[in-house]
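# Overview (structure and organization)
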Amino acid sequence: MAKTHQMAAGPVPGGRSAADSSRARGIVAALAVTQTVGYGTLYYAFAVFLTPIAADLHTSTAAVTGTFTVSILISAVLAVPVGRWLDHRGGRALMTAGSLLGAVMLVAWSQVHTLWQLYLVQAGIGVAAAASLYEAAFAVVIAWHSPRRRPNALLALTVVAGFASTVFLPLTGRLVDDHGWRTALLVLAAIQGLLTVPLHALVLRAPPRASTRTEHQRSHPPIPLRTVLGDRGFWLLGISFTAHTAAIAVVTVHLVAALIAWGHPATFAATVAGLFGVLSVTGRLATTGLQRRYRTTTVVAAIFVIQGIAAALLPIAGHHRAGATIAVIGFGLGFGVASIAKPHLLAQRYDTRRYATIAGMMVVPITIAKAAAPLAAAGLHAGNGGYTGVFIATAITCVVAAAALAATPAPRPR
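Described in the following lines is the structure provided in the data block. (Residues numbered from 1 in each chain as written. Predicted model: local features only at pLDDT ≥ 70, side-chain atom pairs only at ≥ 80, totals over all residues. Heavy atoms only, no water.)

This part is about the packing of aromatic side chains. Between two aromatic rings, the relevant description is the distance of the centres plus the angle of the planes. All chains considered together, the criterion is met by 15 aromatic pairs. Aromatic pair F46 and F68: ring centres 4.6 Å apart, planes at 20°, arrangement stacked. Here F46, found in helix 1 (residues 18-56), pairs with F68, found in helix 2 (residues 61-89); they are 22 residues apart in sequence, far enough to count as distant. As far as the burial class goes, F46 and F68 line up, both buried. Ring geometry for F49 versus W109: centroids 5.3 Å apart, planes at 65°, classification edge-to-face. With F49 in helix 1 and W109 in helix 3 (residues 92-109), the pair connects residues that are 60 residues apart, well separated along the chain. Each of the two residues, F49 as well as W109, counts as buried. The rings of Y39, Y43, Y44, F46, F49, F68, W109, Y134 and F138 are connected pair by pair, giving a single aromatic cluster. A cation over an aromatic ring shows up here: R89 above the ring of W85, its NZ or CZ 4.6 Å from the ring centre. (Phe/Tyr/Trp six-rings, centres within 6.5 Å; stacked < 30°, edge-to-face > 60°. Helix = DSSP H or I, 4+ residues; strand = E, 2+ residues; numbered from the N terminus. Buried < 20%, exposed > 50% of the residue type's maximum accessible area, 1.4 Å probe, protein only. Lys NZ or Arg CZ within 6 Å of the ring centre and 35° of its normal.)

What follows is the structure, given as structure tokens:
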């Protein structure tokens, strides 16, 4: 289906100066660095620290994993108030404070000696993540770019940040092996503090409002949130991205264990799972290219269907190396698609002056799904004694995500 025009996505009136364009490019470049570092230190590194911390604290990995869940849930609770702040005050102060808090929490993490201290630290990291990672960065990028320029700006940001796991998982592993987990955390804290804090403080600025607003926005007040909540499309988008996030979270957590259970060595399982970083970039590039010719919802729904087919094939083909690799590639093509599709669709559909608040409302169920889905999958695995049911459920979830997205109506002209 040919892509139709979306609400509030008209031509940019008046254009912008060369200085503003240069500033916008600089902001995207700075955020690409800070998101790579932020996700690497505050999110992905946890997997490397899980086992040695559990051993040192004389507790189970499940108990330590619970602290990570708390971090994710704290981010969800803060999504809406953070969004309101971003809509009214911009991202400079908030993201600078959030990245500084992240560095402080990494230092505090290196000094924990009890489980309850780790819970407090992870709660602090949840606050830092809500203030400084993707949702805040997307709000800044959208505010600085016209509808025509947003897709490429979001793509540039997420392509670079997509390599966070590729860079920081092996780096953290090497630091832990050579110096222990406490020193490794101090090194990560230094990287976080020295890179993200100054970049947020020195590069981020309030956008030139006149150059990114449509004619409608210049003559009308911001869209009321009750109008957004009354839009069927908002709920369908929420269902789609929540279901898709649940599927991604399950595969992220359980794929390696499933491949090992199906007879593959741990090195092969980890290597195949590591393809997701590269595949996420491939999927984002394909999505951005295809959405120039087709509706974004159509393109992304098709990718979600491919992921569903791949997930359903994993229990069948996953016992063989070639089959497992092909299925993982099929699923991995959609691994990072939602991260560029959701902000793009929300910015097209609604008034960008309320973007961060609207996105925050959608982030709450998405983040809860991200935390809860792997636990539900673990329960399903324990009940069935295998991973077949887990991946069949994941496939169904992907199909639900695709159906909800495909059913999302094009926004009415405003």
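What follows deals with the packing of helix 18 (residues 355-384) against helix 19 (residues 388-406). At a closest axis distance of 8 Å, the pairing of helix 18 and helix 19 adopts a crossing angle of 140°. With respect to their mutual orientation, helix 18 and helix 19 come out oblique. Contacts between helix 18 and helix 19 involve A377, L380, H381 and N384 on the former and, on the latter, G389, V390 and A393. Residues that form the contact of helix 18 with helix 19 fall into these classes: 4 nonpolar, 3 polar and no charged. (Axes fitted to C-alpha atoms, helices over the stretch in contact; angles between N-to-C directions. Parallel < 35°, antiparallel > 145°, perpendicular 65-115°, else oblique. Contact = heavy atoms within 4.5 Å. Nonpolar A, V, L, I, M, F, W, Y, C, P; charged D, E, K, R; others polar.)

So, about the nonpolar core. Core analysis: the biggest nonpolar cluster contains 60 residues, and L31, F241, L346, Y355, I358 and L405 have the highest contact counts within it. For this core, the element with the highest residue contribution is helix 5 (residues 134-144), accounting for 9 residues. If we skip the residues at most four places from it in the chain, L405 touches L237, S240, F241, T297, V300, A301, F304 and L345. Core analysis: the next-biggest nonpolar cluster, separate from the first, contains 30 residues, V251, L255, A310 and V328 among them. (Core = buried A, V, L, I, M, F, W, Y, C linked by side-chain atoms within 4.5 Å.)

Attention now goes to the side chain of T36. Residue placement: T36 occurs in helix 1. Overall, the relative accessible area of 10% leaves T36 in the buried class. Contacts of T36, omitting those with residues within four sequence positions, involve V160, A161, A164 and F168.

Right, let's get into the side chain of T242. Inspection of the secondary structure puts T242 in helix 12 (residues 232-261). We classify T242 as buried; its relative accessible area is 18%. Looking at T242, its side chain comes within polar contact range of the main-chain oxygen of G238, at 2.6 Å. Apart from the residues lying within four places of it in its own chain, the contact partners of T242 are P365, I366 and A369. (Polar contact = N/O pair within 3.5 Å; in protein donor to acceptor, adjacent residues only side chain to side chain.)

Inspection of the entire model under this criterion finds 3 salt bridges. The residue R174 makes a salt bridge to D178 at a minimum N-O spacing of 2.8 Å. Within this pair, R174 and its partner D178 are both found in helix 7 (residues 164-179), separated by 4 residues, close to a single helical turn. Residue R349 is joined to D231 by a salt bridge in which the shortest nitrogen-to-oxygen separation is 2.8 Å. Of the two residues, R349 sits in helix 17 (residues 337-349) while D231 sits in the loop between helix 11 (225-229) and helix 12, which places them 118 residues apart along the sequence. Grouping residues by exposure puts R349 and D231 together as buried. (Salt bridge = Lys/Arg side-chain N within 4 Å of Asp/Glu carboxyl O.)

Closest axis-to-axis distance for the helix 6 (residues 150-161)/helix 17 pair is 10 Å, and the angle between their directions is 155°. In terms of orientation, helix 6 lies roughly antiparallel with respect to helix 17. As for the relative orientation of helix 6 and helix 17, their crossing is right-handed in sense. Along its contact with helix 6, which presents R150, P151, L154 and T158, the element helix 17 presents S339, I340, P343, H344 and A347. Tallied by class, residues from the contact of helix 6 with helix 17 come to 5 nonpolar, 3 polar and 1 charged. (Left-handed = near helix turned anticlockwise from the far one by under 90°.)

The next thing to look at is a nonpolar patch on the surface. A contiguous nonpolar surface patch, about 330 Å² in accessible area, is contributed by I239, I392, I396 and V400. Considering each element in turn, the nonpolar patch owes the most residues, 3 residues, to helix 19. Tracing the chain through its elements places I239 in helix 12. (Patch = residues over 30% accessible without salt bridge, like charges linked within 9 Å, V, L, I, M, F, W, Y side chains within 5 Å. Areas by Shrake-Rupley, 256 points an atom, 1.4 Å probe, with all protein chains shown as cover.)

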